[in-house]
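Inside the fold
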Amino acid sequence: LKFIFGPCALPALDLVDQRSVTRVVSPSGRTAYQVLGSSGKLYTCYSSCHFCTCPAFDFTVLQKNESLLCKHILAVYLSQAMGACQELTVSEEQLTNILLAEDEEEG
């Protein structure tokens, strides 16, 4: 994994081991993932469009184009593959609030 994904492989595996990945599902089937980062901050990831709200994704993936993903997205993919995601069912309104909370922090 480290050969393919580089330096984020081991931290991503640590997040999986700590069960830090939660799949958030609404009744309509919309999903997002929340990953509790090593700093204690909660990041929202979207595997369907390969995006994370963390600063590392913004800097190394979007701005510098140095990596394909951050440790949080890799942790989501690994958790999916290993069946290690926690599940959380929320209402449509709760999921909307989760998604809007990220916009408010950035804006």
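Now for a look at the structure at hand. A quick note: this is a predicted structure, and the numbers were derived from the prediction, not measured.

Attention shifts here to the environment of Val21. Mapping Val21 onto the fold places it in strand β1 (residues 21-25). For Val21, a relative accessible area of 1% corresponds to the buried category. Apart from the residues lying within four places of it in its own chain, the contact partners of Val21 are Tyr33, Gln34, Val35, Ala75, Val76, Ser79, Ala84, Cys85 and Gln86.

Once that is clear, we can look at the sheet that holds strand β2 (residues 31-36). The strand order across the open sheet formed by five strands is β4-β3-β2-β1-β5, and the pairing between neighbours is mixed. The sheet is open, and its two borders are formed by β4 (51-52) and β5 (86-89), each paired with just one other strand.

Ranked by internal contacts, the top residues of the largest apolar core, which has 23 residues, are Val21, Cys45, Cys52, Phe57, Ile73 and Leu74. Those elements that place two or more of their residues in this core are α2 (9-17), β2, β3 (42-46), α3 (55-63) and α4 (71-82). In this structure Cys45 touches Ala32, Tyr33, Val35, Phe51, Cys52, His72, Ile73 and Val76, once residues within four positions along its chain are discounted. One finds Val24, Tyr46, Leu95 and Ile98 within the second-largest nonpolar core, a separate group that totals six residues.

Moving on to the pattern of salt bridges. Overall, the coordinates contain two salt bridges when judged by the stated rule. When the shortest N-O distance is used, the salt bridge between Arg23 and Glu87 registers 3.2 Å. Here Arg23, found in strand β1, pairs with Glu87, found in strand β5; they are 64 residues apart in sequence, far enough to count as distant. With a relative accessible area of 27%, Arg23 lands in the partly exposed category. In this structure, the salt-bridge partner of Arg30 is Glu92, at a minimum N-O distance of 3.2 Å.

What follows covers the state of the cysteines. One pass over the structure, following the stated rule, counts zero disulfides. Unpaired in terms of disulfides, Cys45 finds its nearest cysteine sulfur in Cys52, a separation of 3.5 Å. Classification of Cys52 by relative accessible area gives buried; the value is 1%.

Bringing unusual backbone geometry into the picture now. Despite not being glycine, His50 has its phi angle at roughly 55°, a positive value. Within the element layout of this structure, His50 appears in the loop between β3 and β4. Given a relative accessible area of 28%, His50 falls into the partly exposed group. The backbone phi angle of Asn65 is positive, close to 55°, even though this residue is not glycine.

Moving on to the pairing of β1. Buried residues dominate β1, accounting for four of its five residues. Two elements, β1 and β2, share five bridges in a ladder whose sense is antiparallel. Each bridged residue has a counterpart across the sheet, and for Val24 the counterpart in β2 is Ala32. Here β1 folds back onto β2, and the loop between the two strands holds five residues, one of which, Gly29, carries a positive phi near 100°. By the bridge criterion, four bridges tie β1 to β5 in an arrangement that is parallel. Looking across to β5, one finds that Thr22 is bridged to Gln86.

The rules behind the values
- Residues numbered from 1 in each chain as written.
- Predicted model: local features only at pLDDT ≥ 70, side-chain atom pairs only at ≥ 80, totals over all residues.
- Heavy atoms only, no water.
- Helix = DSSP H or I, 4+ residues; strand = E, 2+ residues; numbered from the N terminus.
- Buried < 20%, exposed > 50% of the residue type's maximum accessible area, 1.4 Å probe, protein only.
- Contact = heavy atoms within 4.5 Å.
- Pairing = 2+ DSSP bridges.
- Core = buried A, V, L, I, M, F, W, Y, C linked by side-chain atoms within 4.5 Å.
- Salt bridge = Lys/Arg side-chain N within 4 Å of Asp/Glu carboxyl O.
- Disulfide = S-S within 2.5 Å.

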